[in-house]
Amino acid sequence: MDSRPLLNADLNADALLQIIAASNFRDAARFMRTSRFFYSEAPKILLRRSISLASPTEIPPFLAFLSAQERIRFQFLRSLHIDFSNAPASDDSFRSLSQLADVFPLMTHLHSLSLVFDQFRLMAALVSTTCRRPEYSSTFLPLRSLHLLEPGPSDECFKTLVPVLSIASNLHSFHLSAQSQVQLSHVLALLHLQPNRRLFTTVRSLSLFMPTLTAEASAELIGALPFMANLSSLRLTNGEALLECQPSLADAFAALTSIREFRMDAVGDLGLNMLKSFKSPLVHVSLNFLRLFEEDEIFEEGFFEQLDEDEWPQYHPVELLSRVAPTLEELDGDHWYTAADTTPDPICVYPNMRKLSLRDASFPRIMPYIRAYPNLTSLAYHMDSPGCTIDLPVALDNIRHYSSQRCLNESEQASAGLTWEHLESFNGGLLGLYLLGLTCPIDSLVLDPLHPDLTYQFLPVVLQARPRNLTLNDLPGQLSGARDDAFSAFNGVGSSRLENLTIKAEVPNNGYFDIAASLEGLLSSLSRSALREFNLTINFVASNSRPPNRPQAHGSANVPLRFAERLAENFNLETYTHQFLCALPTVRRLCIALKGPRGRFREAVLENGESSFTDIPTYSVPK
């Protein structure tokens, strides 16, 4: 390895180091292999940025990188963010955390440490290993952020945090949660570890999962809340049950002025009354009206199922949250039903509202939302329609109702001369978007699996939205139907702005899906577009069905290929990819993956001007 960098005439070493600073770690590693100079100097640049570890499996290679050059690199580390919110509490995880704990004292210039743990046992393992020797006592001085997503149930787990919080004088963000009254008592006790209630001011979020509290525990929490001056996020998982048990909590929560994000599940009258009296200028509200528990048993009936429909209008999102209309930016709702014949006051406007997400919602009247949220940029809408179960045929009366609902929404927008001018994305079901009847273009569409009886809705939706980015979690047509019909929406106006197309589909192996004909129809429909990126994944799903009187075979390899499987087996992916790229020269990135039949995997990839093909047959099948 040369000791001097090979420099371009116009680029000196400092300029190249700045390029490294702006590069990802993979590209930076390539630089480091070019000379001793970059090998020794690049880590100083790279470790100035915040380093994030998302899994215990990332710890060994990270420590191997830091241990090079006689461990001198540890002193260059400035900021470390550990987010193990999805990490399993396995032996490998504990082993990796122990290795990390052993080298903490070498990070002498670490000034920012952030810890996010879902499994409290992992957090306890890291802390107990680190604090087992006196010389490690200052390890957590740089701790700036601590997230405890699911506290452990035992006293010992909480005791492990005592030495950490006692010395964490730089702690800025403390995110707490409690699943029981005992855990809440532990949490509040931790906050008293530093003098002058300093830790209370570090609490940024509080999540309460318990459905009940004693009067003493409730009084303790109410007494602590005023000192949490920076509490910005509050979540109540069993909110209604908790407020029924201790009604005084509602006034205490409503009196807070620092809350920006409020989440509540199992919402009922008490929660809604509390929300109406909130003094905090809420920015993000998430409400789930489905009752989760009733006497420790699953209880599926929601708040609106217990009301008459003529009571629904007072709970329309626009009406209910009018108190926070000046500040609200994001709203999530589950099982939030609205009356189809009664609309809220059109005077109420939410000028900062940007994101609206409604799941398991009722039939939509879209005009009240357009008036109230004129600057909306992101919309997610998932219908709750009993007549639209994916495995059952749709009744003709329902189809007529869908058409009339869409016409109503379209005509109201036309009459008012209003629609969303800034809407950038939609995520949800085809039926929901069809019923909304939006007359504005939408840059990004993500559509859920399509009901086979409702694929006729795909054409008018795409023609109206004219998306730039389209993701389909199903094929947009009958698998055994005419190939041109399935993709006719991409002819002309439908694909006039289309740049990125992603299709993910599961195909039963016992059907009549002609993969060659379908993909030729897709290519023909897209041929006049300016597509730049194309991703297609087709997964052939095994079916347990077999012809009558035929015994079950022992192993799939002994079962003859079915019609769809035989066509897929003979499909030439490499030839099709070549035809696709010739017909669409604007494509710069492409990935076509065929999973199956019978475990076979094929993939065609175009990336950075280079193409590659993969074909992995799992086992042979009889012809």
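For clarity, every value in this text was computed on a predicted model and none was experimentally measured. (Residues numbered from 1 in each chain as written. Predicted model: local features only at pLDDT ≥ 70, side-chain atom pairs only at ≥ 80, totals over all residues. Heavy atoms only, no water.)

A word on the packing of helix α10 (residues 215-224) against helix α12 (residues 248-255). In contact at an axis separation of 10 Å, α10 and α12 are set at 10° when each is read in the N-to-C sense. Accordingly, the angle class assigned to the pair α10 and α12 is roughly parallel. Counted together, Ser 218, Leu 221 and Ile 222 of α10 and Ser 248, Leu 249, Ala 252 and Phe 253 of α12 form the full contact between these two elements. In terms of residue class, the contact of α10 with α12 is built from five nonpolar, two polar and no charged. (Axes fitted to C-alpha atoms, helices over the stretch in contact; angles between N-to-C directions. Helix = DSSP H or I, 4+ residues; strand = E, 2+ residues; numbered from the N terminus. Parallel < 35°, antiparallel > 145°, perpendicular 65-115°, else oblique. Contact = heavy atoms within 4.5 Å. Nonpolar A, V, L, I, M, F, W, Y, C, P; charged D, E, K, R; others polar.)

Two faces make up the sheet, and in a regular strand the side chains alternate between them. The pairing of strand β19 (residues 533-541) with strand β20 (residues 589-595) spans seven bridges and is parallel. In the strand pairing of β20, Glu 533 is matched with Arg 589. Pairing of β20 with strand β21 (residues 601-607) involves six bridges; the strand directions are antiparallel. Within β21, the position partnered with Leu 590 by the bridge is Leu 606. Here β20 folds back onto β21, and the loop between the two strands holds five residues, one of which, Gly 596, carries a positive phi near 115°. (Pairing = 2+ DSSP bridges.)

Now for α12. Turning to α12, its buried residues number three or more, namely Leu 249, Ala 250, Ala 252, Phe 253 and Ala 254. Against the buried residues of α12 lie β6 (203-208), α10, β7 (233-236), α11 (239-245) and α13 (269-276). (Buried < 20%, exposed > 50% of the residue type's maximum accessible area, 1.4 Å probe, protein only.)

Taken together, Asp 308, Glu 309, Asp 310 and Asp 341 make up a surface patch of like negative charges. Note on placement: Glu 309 falls in the loop between β11 (297-298) and α14 (317-320). Given a relative accessible area of 56%, Glu 309 falls into the exposed group. (Patch = residues over 30% accessible without salt bridge, like charges linked within 9 Å, V, L, I, M, F, W, Y side chains within 5 Å. Areas by Shrake-Rupley, 256 points an atom, 1.4 Å probe, with all protein chains shown as cover. Salt bridge = Lys/Arg side-chain N within 4 Å of Asp/Glu carboxyl O. Lys, Arg positive; Asp, Glu negative; His and termini not counted. Charge placed at Lys NZ, Arg CZ, Asp CG, Glu CD.)

With that settled, consider the environment of Tyr 373. As for its position among the elements, Tyr 373 is in the loop between α15 (367-372) and β14 (378-383). With relative accessibility at 0%, the residue Tyr 373 sits in the buried group. For the pair Tyr 373 and Leu 356, spaced 17 residues apart in sequence, the C-alpha to C-alpha distance is 9.0 Å. Not counting the four nearest positions on each side in its chain, Tyr 373 is found in contact with Pro 317, Val 318, Leu 331, Tyr 350, Met 353, Leu 356 and Trp 420.

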